[in-house]
Amino acid sequence: MRSHMKEDQHSGRTRVEPVFGWLKKHGGEGWVATLLRLADGIEPTGDVGKVMSMDFGKEKTVPASAQRLGWMIRNASRLVARDPRRRSEYERRVARNPKRSQVLDRLAHGRTGGIPRELKLEGPTHADCLIVCKRALVWIEGKRNDCLSRRTTWDVRRDQLARNLEGAWLLATASRKDFWFLICHENDLKHHERK
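Residues numbered from 1 in each chain as written. Predicted model: local features only at pLDDT ≥ 70, side-chain atom pairs only at ≥ 80, totals over all residues. Heavy atoms only, no water.

A. Quick peek at the overall build of the chain. In terms of helices and strands, the chain carries 7 helices and 4 strands. Each helix and strand of the chain, ordered N terminal to C terminal, gives the series α-α-β-α-α-α-β-β-α-β-α. By the burial criterion, 39% of the 195 residues in the chain qualify as buried. Put simply, 72% of the contacts in the chain that link residues at least 6 apart link residues at least 24 apart. In the structure as shown, the chain presents an accessible area of about 12,400 Å², 50% of it carried by carbon and sulfur atoms. (Helix = DSSP H or I, 4+ residues; strand = E, 2+ residues; numbered from the N terminus. Buried < 20%, exposed > 50% of the residue type's maximum accessible area, 1.4 Å probe, protein only. Contact = heavy atoms within 4.5 Å. Areas by Shrake-Rupley, 256 points an atom, 1.4 Å probe, with all protein chains shown as cover.)

Below, the structure is given as structure tokens:
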């Protein structure tokens, strides 16, 4: 009898949780440093220290920075939306928005709270797994059958890698730690992912 159940394709549930859940329980003290040494393309320096916490299962969410949101408002005319038919929305949402100056002032002071939805041209990004060590953060992006998103809704030149790197940098800067970014993938990377 053939099963009609569709196989779970979500890399967070099928790969990230089982692997990093096991490492959390059984990996010992130096498993994060060992993981970093195994990764292609990086040469870890120094010790990341003991694991203080791990977020997986429920992805760690990091909102877009005040700097990024402000840049997008100031440069809305230079942005290219994923759907070119939405170009006129820029005028309505941003250029002619009566709250534009007030919002730019808030963002210049690093405050992202209270920003109207129509002026938020970039939403939060997510870490499949975030490992917080004593001296460093490790951001894990898991890919099983999918690839890194190549663009955002309002900026076709802004991909998932750039968004996640900024998220990792923001968290590391706030906690005064180094950070490492790992993409864990099962298939060959696509051309745009290798850059």
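That shown, we press on.
B. Main features of the nonpolar core. One finds Ile 73, Tyr 90, Leu 107 and Leu 121 to be the most contacted residues of the largest nonpolar core, which totals 17 residues. In terms of residue count, helix α3 (residues 66-74) provides more of this core than any other element does, 4 residues in total. Core analysis: the second largest hydrophobic core is formed by 16 residues, Leu 36, Ile 131, Ala 136 and Val 138 among them. (Core = buried A, V, L, I, M, F, W, Y, C linked by side-chain atoms within 4.5 Å.)

C. Expanded view of the packing of α3 against helix α5 (residues 100-108). Where α3 contacts α5, the axes come no closer than 9 Å and their chain directions differ by 150°. It follows that α3 is roughly antiparallel to α5 by the angle criterion. Handedness of the crossing formed by α3 with α5: left-handed. Contact residues: α3 offers Ala 66, Leu 69, Gly 70, Ile 73 and Arg 74, while α5 offers Arg 100, Val 103, Leu 104 and Leu 107. Residue composition of the contact of α3 with α5, grouped by class: 6 nonpolar, 1 polar and 2 charged. (Axes fitted to C-alpha atoms, helices over the stretch in contact; angles between N-to-C directions. Parallel < 35°, antiparallel > 145°, perpendicular 65-115°, else oblique. Left-handed = near helix turned anticlockwise from the far one by under 90°. Nonpolar A, V, L, I, M, F, W, Y, C, P; charged D, E, K, R; others polar.)

D. Examining the confidence of the model for the chain more closely. Here the chain averages 82 in pLDDT, and 84% of its residues register 70 or above. No element of the chain has a lower mean pLDDT than helix α7 (residues 191-194), at 51, and none a higher one than α5, at 95. (pLDDT = per-residue confidence, 0-100.)

E. Layout of the packing of aromatic side chains. For the structure on display, the rule yields 1 aromatic pair. Ring geometry for Phe 20 and Trp 31: centres 6.2 Å apart, planes at 50°, overall tilted. Within this pair, whereas Phe 20 is found in helix α1 (residues 11-26), its partner Trp 31 is found in helix α2 (residues 31-38), the two being separated by 11 residues in sequence. The buried category is assigned to Phe 20, whose relative accessible area is 5%. (Phe/Tyr/Trp six-rings, centres within 6.5 Å; stacked < 30°, edge-to-face > 60°.)

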